[in-house]
Structure formats: structure tokens, C-alpha cells
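The chain contents come next:
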Amino acid sequence: MKLTEAKFNFAEKIAKSALLTATKGDGALNTMTVSWGGSGILWGKEVCFVFVRPERYTFEFCEDGDTMSLSFFGKERKDTLALCGTKSGRDVDKFEACGLKFTVNEGACVFDDAEITVILKKLYAQDLDEDCFESELAKPFYANGGYHRMYICEIKDIITA
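Residues numbered from 1 in each chain as written. Predicted model: local features only at pLDDT ≥ 70, side-chain atom pairs only at ≥ 80, totals over all residues. Heavy atoms only, no water.

### Looking at the side chain of K122
Then comes step 1: On the secondary structure map, K122 appears in strand 8 (residues 116–127).
Then comes step 2: It turns out K122 is buried and unbridged, and the closest side chain with the opposite charge, D66, is 4.9 Å from it.
Then comes step 3: Engagement of the side chain of K122 in a polar contact is seen with the backbone oxygen of E63, the distance being 3.2 Å.
Then comes step 4: Each residue touching K122, except ones within four places of it in the same chain, is listed here: C62, E63, G65, D66, Y151, I152 and C153. (Helix = DSSP H or I, 4+ residues; strand = E, 2+ residues; numbered from the N terminus. Buried < 20%, exposed > 50% of the residue type's maximum accessible area, 1.4 Å probe, protein only. Lys, Arg positive; Asp, Glu negative; His and termini not counted. Salt bridge = Lys/Arg side-chain N within 4 Å of Asp/Glu carboxyl O. Polar contact = N/O pair within 3.5 Å; in protein donor to acceptor, adjacent residues only side chain to side chain. Contact = heavy atoms within 4.5 Å.)

This is the structure:
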């Protein structure tokens, strides 16, 4: 399915949290909860953009691989979103801890019980630059540094349950 055919509001879905799963070049997976991002048309492609801090374990997966996915779950999975947003994949097997079952589609993780999965191909990455923020906008989010890297990804497919 294409983004323009989707029967859901992407901004609303990502604001209510999603799991970002990134695939490393060697096929390894990691997942984390994200809530910053959006979608639109760029370079003649349907895209979404997500943000990952370099301190996060998922960051190395985003850097090493070309594919990732965004998975949206119902309210019954709020504990999963909480765990995946607070625990590191360096310390915990999040897939096992949350009982997440999945298949791999086009190199990206598709969770069995996700309401919506967006399959992504990384096109561009750029670190946010402290000097480019207007006024005091960045201060509450970056008091200790750790500026996010923005990933712009082509939407390859949208899978609904």
C-alpha cells in the first residue's frame, strides 16, 4: 500500500508512539520506541523521517543497515512500548522480553500483532545542528547534548492487519 492510499493519520499514529526496528547489515535486529517523525513527499518519493540519538543502541543498526520498519500497535501493547523505550537492546532481548513474534519482509521486521507496519529504505541521514535551531527551542531537549540524527526513508510498503 502507498502512503497516499492509507486510511490512517500518520502523524497521529507516530505521536502515540511506535516501535522502530532497524536491521544491521548482518541481519541482526534491534527495536526501540520512537515518537518523533513524520511523512510526506520528498525527491518524488513517499517518505517518512525518524530521529534517533547516537547514544541509543538502535543508532548503530540504523547506521549499518539500509532497511527499517515502523510498527504501530494497539493500546494492549503499551507495556511493550514502555519497555522498548526505556531498556537497551545491549542489556535486554526486547523481542523475548515482550513476546514479540515477527517475520522479515524486504529485510525489515514485521511484527505479527502490529496494526500497521511501514517498511522503510534509508535514503539520507543528517545530524541535527545546534546552530540551526531557532531561539531556545533545543534547550529542553538537548541540555546534555546528544543531538538526534534524522533519517529520511522511502516508504516501500505499508502493511495493515
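Next comes the rest of the write-up.
### Concerning the sheet that holds strand 5 (residues 67–72)
Through backbone hydrogen bonds, the strands of a sheet pair up, either in parallel or in antiparallel fashion.
Then comes step 1: Pairing within the open sheet is antiparallel, and its seven strands lie in the order 2-1-5-8-9-4-3. Only two strands of the sheet have a single partner each, and these edge strands are strand 2 (29–34) and strand 3 (37–42). When strand polarity is set aside, the average angle formed by the axes of neighbouring strands in this sheet is 35°.
Then comes step 2: Pairing analysis gives six bridges linking strand 3 to strand 4 (residues 45–52), with the strands arranged antiparallel. Paired with S39 across the bridge in strand 4 is C48.
Then comes step 3: Along the sheet face, helix 3 (residues 78–86) touches strand 1 (18–23) and strand 2 and points at about 105° away from the line of strand 2. (Pairing = 2+ DSSP bridges. Axes fitted to C-alpha atoms, helices over the stretch in contact; angles between N-to-C directions.)

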